[in-house]
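Residues per chain are reported as follows:
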Amino acid sequence: MSDLRSERVVGTDVPRVEAVEKLTGDALYTGDLVLPGMLHAKVKQSPHARARILRIDTSRAEALPGVHAVLTGHELDYKLGLYVVDKDILAKDVVRHFGEAVAAVAAETLEIARAAVELIEVDYEVLTPVLDPMAAIADDAPLVHPDLGGYAYVEAAFSPQPGTNVAHVQRVRKGDLEQGFAEAEWVVEREYTNPSVQHVPLETHVAVVQWKAGDQVTIWTSAQSPFTVRNLFCTAMRLPLNQVRVVVPHVGGGFGGKAGIHLEPLAACLSRKAGGRPVRLQATREEEFSLLPCRSALTYRIRTGVRADGTISAQQMTMYWDAGAYADYAVNVTRASGYSASGPYEIPHAQVDAYTIYTNKPYGTAYRGFGHVEFFWGLERHMELVAHAIGMDPLEFRRRNLLRPGSRTMTGELITEHTGDPRACLDAVAEAIGYGTLTAEEAEHERATGRRIGKGVATLHKAPAMPSFTATAAVVKMNSDGTVVVNLALMEIGQGCNTAIAQIAAERLRFPVERVKVAVERDTDKDPYDWQTVASKGLILSGNATMLACDDLLRQAYEVAGQALRAHVADLDHDADRVYVKHRPEESVTFGELSIGYAFPNGNGIGGPLVGVGRYIAQGLTNLDKETGQGLPALDWTYGAHGVVVDVDPDTGEFDVLAISSAYDVGRVVNPGLVRGQAIGGMVQGLGTALCEGYIYDEQGRLLNPSFTDNKIPTARDLPARIDTAVVETAQLDGPYGARGVGEHPMISVAPAIGNAIQQATGAELLHMPMRCEDVWRALRSHEPIDNWITRTPAGSCRSGLPGVPEP
């Protein structure tokens, strides 16, 4: 769908189309909805991470005036799950994580609902929780899901291991690993870790649901994917799709945490029990941390063989993903990270074993970057440590091993000159930060403060993680004044998609962008299908669908205009206002005259309303072979890099991030302001995960920091003094005007770039994030001998077994 002619709207800095509405407070969100007779819901949460439910007494709550419905798990014979159907709406018999909902109330007011929840009595038999994923895969570990073998799951992509705590195993095999290590001059092996973190959308999860007579259900929800909510809801409730309507107004941020289905089924069941009255259920900030999902924690072991010339000969990668209590998106995160695990590097002999592991913690789900933030922490720190170990400059080591045209990815995909240019991104950030040198000002800063300045770089890549047949559609309708409205189900969650789609439509129609409106509210009864708003796939898929819809509308307009002007459609052209005969431009008809049907002077009518429909589906993708991981999973690859400048106090470990430079190969910039906004926003979010965010549990599995009091996120005061963003444009041939997505990528590899800069300044080897000043201080005083993690010749088996997990 690439159209590389000179554009007039695409590539310009059009202001966000929803900016005024949001800044003035006129934008309406799900939480603003008030319906007649609406009830308010609250849940009772488990104070234990693992326990058997012995008794639930709801009698006092049911007797409280103003209470209309009380539910417990045994009243709800439904299972939920995106890829593995393993979750009850309310816990039955056992609770599997701290904060899990065991009962729920709907009442006239929120205050009454809170009081009723406090009146519910629950007796538990507390059990020892399984908290460490490495312990969870031991042969004698208690099973979080003893019935795993009986759960339904998506068999084409996932492989649960019954009788274990492993929800999925992703394997990738390329080349001959033993041969690759035999070719190596050095073998370097390290382990890297990071914890779970919270998405922290500005708007917490909220749903309003009404279950009417005849099982007609309407769901208003703050969700990223209205059709996914509908499909999962109908599957669980055993309802036909045409009986459930999902409406999504403005969404106050998602970052992946609103991609699946969450509060909607519980609110629906409360509405049904309350006789069809609408029920509103909104999470508090504390419930976001414990009731709702988070980003999965990861332990990543990497073993790399390097030849004498500094090229990588082999790499063995083992990922242990902490899924928490339910599989949700964690199995797909494991899948996506598995086929991306080696990053943008050429590795001829590679092996990946990635495991999704159940534990008794709040469960993991999609998060901006979809696993790549987590594993790139380990991968790019590892590349730095390997370079230092073999005595090569880290920038040169990366350059020497980057993918290039003719390379093959780990799954066998051929890299071409159109795939993207990771080296151009890396070189851009290295130049921007003055990698390898100190300016006179920086040298004076070191002299005056006693702090040391370090400069580090890190690469990144990501492809959309989605089914091979992911599809979407768009509808473009012309109004009688020649303006148009675009309807689609791609959600505006802050990334600017409505603005970008308006620009693409305006470009294709050759209209001013002011004449294009992208409808805000998404409605499964009225809008065309889209899979989900995740994975940075929206610009390509929905952009292409929008272009096709515009083409369809213009085709209809030309057909009617040809009849009106008595001309062949091949002889027609158009501008922003009219369709005309190319060799007689004075003979024309306006779009307004064509928009709802053309009328001849005698009153005869032809045509009809101009409504263009565009459908687009991912092209050429395949499932991955379960044994080897070979296949074509990637719609596109967006490459990028970060360069970071820090200053560090070598005595205390205190450090500041002075500057960040980022570059991404976006294919073609649709809107420079949106790209910069995504780059800065993602970088700040990356700072949070790098420096301060992370769940902390006690030995009983209770979350100790379920609020901003102890679980900090960055603020404007934490921004570096200097932020640079740059783009590389290697056109994506099947992207709209050559564009590819960049929504998730700015967050990826911020953390390792900081860690690499700290190491360059002080020698501190950081293997866990977040990195706090005390971590730097400890690292400065506890260098691990290099002989513990590097050998000159390969040693030991090349295979990585996992206790308690059957080999394929």
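Note that the structure is a prediction, hence the values are computed from the model and not measured.

Rules used throughout
- Residues numbered from 1 in each chain as written.
- Predicted model: local features only at pLDDT ≥ 70, side-chain atom pairs only at ≥ 80, totals over all residues.
- Heavy atoms only, no water.
- Helix = DSSP H or I, 4+ residues; strand = E, 2+ residues; numbered from the N terminus.
- Rg over C-alpha atoms; globule rule 2.2 N^0.38 Å.
- Buried < 20%, exposed > 50% of the residue type's maximum accessible area, 1.4 Å probe, protein only.
- Contact = heavy atoms within 4.5 Å.
- Areas by Shrake-Rupley, 256 points an atom, 1.4 Å probe, with all protein chains shown as cover.
- Lys, Arg positive; Asp, Glu negative; His and termini not counted.
- Charge placed at Lys NZ, Arg CZ, Asp CG, Glu CD.
- 1 Å grid on protein atoms, 1.4 Å probe; cavity = no way out; pocket = protein on both sides within 12 Å on 5 of 7 lines; lining within 4 Å.
- Points joined across faces, edges and corners; volume = space filled by probe spheres on them.
- Nonpolar A, V, L, I, M, F, W, Y, C, P; charged D, E, K, R; others polar.
- Axes fitted to C-alpha atoms, helices over the stretch in contact; angles between N-to-C directions.
- Parallel < 35°, antiparallel > 145°, perpendicular 65-115°, else oblique.
- Left-handed = near helix turned anticlockwise from the far one by under 90°.
- Salt bridge = Lys/Arg side-chain N within 4 Å of Asp/Glu carboxyl O.
- Core = buried A, V, L, I, M, F, W, Y, C linked by side-chain atoms within 4.5 Å.
- Pairing = 2+ DSSP bridges.
- Expected span 1.5 Å × (residues − 1).
- Arc of directions from axis to C-beta.
- Polar contact = N/O pair within 3.5 Å; in protein donor to acceptor, adjacent residues only side chain to side chain.

Focus on the overall build of the chain
Here is step 1: Within the chain, the secondary structure is distributed over 19 helices and 34 strands.
Here is step 2: For the chain, the C-alpha radius of gyration of 28 Å lies close to 28 Å, the compact-globule estimate for 808 residues.
Here is step 3: Projected onto the principal axes, the alpha-carbon positions of the chain cover approximately 95 × 75 × 55 Å.
Here is step 4: Each of the 808 residues in the chain was classed as buried or not, and the buried ones make up 62%.
Here is step 5: If you take every contact in the chain between residues at least 6 apart in sequence, the share linking residues at least 24 apart comes to 80%.
Here is step 6: Of the roughly 28,800 Å² of accessible surface on the chain, 52% is carried by carbon and sulfur atoms.
Here is step 7: Of note, the chain has its 75 positive side-chain charges centred 2 Å away from the centre of its 100 negative side-chain charges.

Structural notes on the layout of surface pockets
A probe as big as a water molecule, rolled over the atoms, marks out the empty space that is left.
Here is step 1: The volume enclosed by the second largest pocket comes to roughly 800 Å³.
Here is step 2: In this structure, the second largest pocket is lined by 43 residues; those nearest its centre are Leu82, Tyr83, Val154, Pro467 and Trp531.
Here is step 3: Elements that contribute at least two residues to the lining of the second largest pocket include exactly β4 (79–80), β9 (166–174), α6 (226–237) and α9 (330–340).
Here is step 4: For the lining of the second largest pocket, the leading source of residues is α6, giving six residues.
Here is step 5: A per-class count over the lining of the second largest pocket returns 23 nonpolar, twelve polar and eight charged.

Some points on the packing of helix α17 (residues 672–691) against helix α18 (residues 750–762)
Here is step 1: Where α17 meets α18, the closest approach of the two axes is 8 Å, and the angle between their N-to-C directions is 60°. Classified by the angle between their axes, α17 and α18 sit oblique to one another. Considering only the axes of α17 and α18, their crossing is right-handed. Of α18, the residues touching α17 (which contributes Met683, Gly686, Leu687, Ala690 and Leu691) are Val750, Ala751 and Ile754.
Here is step 2: When grouped by side-chain class, the residues that make up the contact of α17 with α18 number seven nonpolar, one polar and no charged.

Examining the pattern of salt bridges
Here is step 1: Considering all chains together, one arrives at 45 salt bridges under this definition.
Here is step 2: Glu191 is paired through a salt bridge with Arg301; the nearest N and O atoms lie 2.6 Å apart. Taken together, the residues Glu191 in strand β10 (residues 186–194) and Arg301 in strand β16 (residues 297–306) connect sequence positions 110 residues apart.
Here is step 3: Notably, a salt bridge pairs Lys361 with Asp322, separated by 2.8 Å at the nearest N-O pair. Within this pair, whereas Lys361 is found in the loop between β18 (349–358) and β19 (364–365), its partner Asp322 is found in strand β17 (residues 312–324), the two being separated by 39 residues in sequence.
Here is step 4: Lys361 sits in the buried class, given a relative accessible area of 13%.
Here is step 5: When salt bridges with common partners are traced through the structure, they connect Arg55, Asp57, Arg60, Glu121 and Asp123 into a single cluster.

Focus on the nonpolar core
Here is step 1: Membership of the largest hydrophobic core comes to 208 residues, with the highest contact counts inside it found for Phe233, Ile754 and Ile758.
Here is step 2: In terms of residue count, the dominant contributor to this core is helix α15 (residues 538–565) (13 residues).
Here is step 3: Ranked by size, the runner-up nonpolar core spans 17 residues in total, among them Ile53, Val67, Val102 and Val122.

Examining the sheet that holds strand β11 (residues 206–212)
Here is step 1: With mixed pairing, eight strands are arranged side by side in an open sheet as β3-β7-β1-β14-β11-β12-β13-β24. A strand with exactly one partner marks an edge of an open sheet, and here the two such strands are β3 (67–72) and β24 (522–523).
Here is step 2: In this sheet, strand β7 (residues 101–107) lies alongside β3 in antiparallel orientation, the contact comprising five bridges. Looking at the pairing, Leu71 lines up with Ala104 of β7.
Here is step 3: Set on the sheet, helix α3 (residues 110–119) makes contact with β1 (39–45), β3 and β7; between it and β1 the angle comes to about 25°.
Here is step 4: Sitting on the sheet, α6 touches β11, β12 (216–221), β13 (244–248) and β24, and the angle it makes with β13 is about 150°.

Side note on empty space enclosed by the protein
Here is step 1: Within the structure shown, the criterion is met by two cavities of 30 Å³ or more.
Here is step 2: The computed volume of the largest cavity comes to approximately 290 Å³.
Here is step 3: Taken together, 22 residues line the largest cavity, and the ones lying closest to its centre are Leu80, Lys87, Ile89, His262 and Tyr363.
Here is step 4: When contributions to the lining of the largest cavity are tallied by element, the ones reaching two or more residues are β5 (87–88) and α7 (264–273).
Here is step 5: A breakdown of the residues in the lining of the largest cavity according to their chemical character gives 14 nonpolar, three polar and five charged.
Here is step 6: When its volume is computed, the second largest cavity comes out at roughly 50 Å³.
Here is step 7: In this structure, the second largest cavity is lined by Tyr339, Ser340, Ala341, Ser342, Gly343, Leu403, Thr409, Met410, His461 and Trp637.
Here is step 8: Here the residues of the lining of the second largest cavity are counted per class, giving five nonpolar, five polar and no charged.

What about the pairing of strand β22 (residues 484–487)?
Here is step 1: Judged by which residues are buried, β22 turns out to be covered on both faces: Val484 and Val486 on one side and Val485 and Asn487 on the other are all buried.
Here is step 2: Here four bridges tie strand β21 (residues 471–478) to β22, and the two strands are oriented antiparallel to one another. Note on β22: the bridge partner recorded for Val475 is Asn487.
Here is step 3: Where β21 folds back onto β22 in an antiparallel hairpin, the turn is made up of five residues, including Gly482, whose phi is positive at roughly 90°.
Here is step 4: With three bridges joining them, β22 and strand β23 (residues 516–518) adopt parallel strand pairing. Residue pairing for β23: Val486 is matched across the bridge by Val518.

Let's talk about helix α12 (residues 422–433)
Here is step 1: The end-to-end C-alpha distance of α12 is 17 Å, a good match for the 16 Å that twelve residues give at a rise of 1.5 Å each.
Here is step 2: By the burial criterion, the buried members of α12 are Pro422, Cys425, Leu426, Val429, Ala430 and Ile433. Looking down the long axis of α12, one finds its buried residues gathered within 130° of arc, a one-sided arrangement.
Here is step 3: Considering only its buried residues, α12 is in contact with α11 (394–401), β20 (452–462), β31 (638–648), β32 (655–665) and β33 (722–728).
Here is step 4: Structurally, the start of α12 carries an N-cap: the backbone nitrogen of Arg423 is 3.3 Å from a side-chain oxygen of Asp421.

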